[in-house]
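# A structural walkthrough
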Amino acid sequence: MMEFLEFVPLNQYTTFRTGGPARYFCHIRSVADIVRAREFAKEKGLPLFVLGGGSNLLVSDSGINAVVAKMEIMGRKFREVDHRFSEFIVGAGENWDDAVALCVSKGLYGIENLSGIPGTVGAAPVQNIGAYGTEIRETLARVNVFDLETGEEKILNNEECKFSYRNSIFKTKEGKRYVIVGVTLLLDSQGRVNIGYKDLKERFKDSYSKDVSLNDLRSAVLDIRKNKLPDIRECGTAGSFFKNPIIPAKKFAELNEKYPDMPNFPLPNGDVKIPLAWILDNVCGLKGFQDGPVGLYKTQPLALINLGTASSQDVLNLVARIKDIVREKTGILIEEEVIIV
Ligand code: NAP
């Protein structure tokens, strides 16, 4: 029988290790559990809030006045499509990096550059996770969802997920009705590793990509991440707190006059993506900045960290301060990547 607990502290379920209680809390292990949680939420007149690994979330100190459902739908299945491609059908509650490790061990190419990203499989399409030159949208065939409005299961194909940089339909008002219950990826048994991203290029500068194995690639990504990003077992964090800003070419030209060294990546539509970490370090002088129990991580300022005793309000105060400084110095309005509730 499914249990609905009351006033469950959520700091134990978020990697920031902050946040107040959930009014109600339950574990979701099947679609039938979602149906029950939806009914319960209706009875109580509260919204249903689905929680994954809590690794991209900042929960307010007053908690969430909702039925918080922790996604724990499991399942990992491979299906050969032809002599080359296989589908990997995986439950939303599975750990993302365990799923990547499994594919690598089976010699299937496509998600190895996404090694080491914390969180669940179900959360991966929500922000179209991306790292080291790969995004999940490149291998995602479809997403199985439960529609909270109609109470029915449904399949969304890649196009219907409306993926863009760190974004998808699931982050929009239109997509809020969907609970992701499973994901199907299309993986290639005869692929080749992608070592085009600068950190990987540097790591494998003496190798041809055909000589780099899936295992080598995964180990390299895990190692690069370890050296740059905070370890969620050691301090509270949700990884990159902000999105890297994408600005019009004209705006970039103005900034570039003032900051000729500013790294920049022109996009096909003419806009320019700027590494926010560079701005925080070099324009805003925030390298290693700390304010009481919160701060910017020393080797990756995009990652805000909880040094042990921070509240969510402490994090929010720092966020507001960083946004103001970036706006004053560059005129850029930066946006959070982390979901704030
Ligand atoms: P980085 O490599 O220093 O890159 C900083 C920024 O430059 C990112 O916006 C990155 O875009 C962009 N960039 C670099 N090379 C590019 C290229 N050849 N073409 C277009 N854009 C390029 O960043 P990092 O902090 O060390 O992170 C490494 C990778 O992991 C990045 O892909 C980053 O997005 C990802 N990551 C994601 C999270 C998260 O929480 N979501 C956390 C840490 C790292 P992209 O972002 O498009 O790569």
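You'll find the structure just up there.
Keep in mind that this is a model prediction, so the values were computed, not measured.

Quick notes on the rules
- Residues numbered from 1 in each chain as written.
- Predicted model: local features only at pLDDT ≥ 70, side-chain atom pairs only at ≥ 80, totals over all residues.
- Heavy atoms only, no water.
- Pairing = 2+ DSSP bridges.
- Helix = DSSP H or I, 4+ residues; strand = E, 2+ residues; numbered from the N terminus.
- Axes fitted to C-alpha atoms, helices over the stretch in contact; angles between N-to-C directions.
- Contact = heavy atoms within 4.5 Å.
- Phe/Tyr/Trp six-rings, centres within 6.5 Å; stacked < 30°, edge-to-face > 60°.
- Buried < 20%, exposed > 50% of the residue type's maximum accessible area, 1.4 Å probe, protein only.
- Parallel < 35°, antiparallel > 145°, perpendicular 65-115°, else oblique.
- Nonpolar A, V, L, I, M, F, W, Y, C, P; charged D, E, K, R; others polar.
- Near = heavy atom within 4 Å.
- Polar contact = N/O pair within 3.5 Å; in protein donor to acceptor, adjacent residues only side chain to side chain.
- Areas by Shrake-Rupley, 256 points an atom, 1.4 Å probe, with all protein chains shown as cover.

### Digging into the sheet that holds strand β12 (residues 178–188)
- Here 5 strands make up an open sheet; going across it, the order is β6-β7-β12-β10-β11 and the pairing antiparallel. The open sheet has two free edges, formed respectively by β6 (76–80) and β11 (152–157), since each of these has just one partner strand. The sheet shows a mean angle of 20° between the axes of neighbouring strands, direction not considered.
- Here helix α1 (residues 31–44) sits on the sheet in contact with β10 (140–147), β11 and β12, set at roughly 40° to β10.

### So, the packing of aromatic side chains
- This model, assessed by the stated rule, comprises 8 aromatic pairs.
- Centre to centre, the rings of Y132 and Y197 are 5.4 Å apart; their planes meet at 80°, and the pair counts as edge-to-face. Residue Y132 is located in the loop between β8 (130–131) and β9 (134–135), and its partner Y197 is located in the loop between β12 and α3 (198–203); the two are separated by 65 residues in the primary sequence.
- Residue classification places Y132 among the buried residues on the basis of a relative accessible area of 10%.
- With centroids separated by 5.4 Å and ring planes inclined at 65°, the aromatic side chains of F241 and F242 adopt a geometry described as edge-to-face.
- With a relative accessible area of 0%, F241 lands in the buried category.

### Comments concerning the packing of helix α2 (residues 96–105) against helix α4 (residues 214–228)
- Look at α2 against α4: their axes get within 9 Å of each other, and the N-to-C directions meet at 155°. One finds that α2 runs roughly antiparallel with respect to α4. Taking contact as the criterion, the partners of D97, V100, A101 and V104 in α2 are, on α4, L214, N215 and R218.
- When grouped by side-chain class, the residues that make up the contact of α2 with α4 number 4 nonpolar, 1 polar and 2 charged.

### Considering the environment of D98
- Turning to its location among the elements, D98 is positioned in helix α2.
- Sequence separation between D98 and E43 is 55 residues, and the spatial gap between their C-alpha atoms is 37 Å.

### Quick notes on the sheet that holds strand β15 (residues 265–266)
- Here we have 3 strands laid out as an open sheet, ordered β14-β16-β15, and antiparallel in their pairing. Sheet topology places β14 (246–247) and β15 at the edges, where each strand pairs with a single neighbour.
- Both β14 and strand β16 (residues 272–273) contribute to a ladder of 2 bridges, which runs antiparallel. Looking across to β16, one finds that I246 is bridged to K273.

### Describing the site of the ligand
- Neighbouring the ligand are 17 residues; R166, Y197, N244, K273 and Q300 lie closest to it.
- A distance of 2.5 Å separates an oxygen atom of the ligand from a polar atom in the side chain of R166.
- Between S240 and the ligand, the recorded distance is 3.3 Å, taken from a backbone N or O atom to an oxygen atom.
- Considered on its own, the ligand offers 800 Å² of accessible surface; in the complex 79% of this is hidden by protein.

Don't take any of this as a statement about function, it's just geometry.
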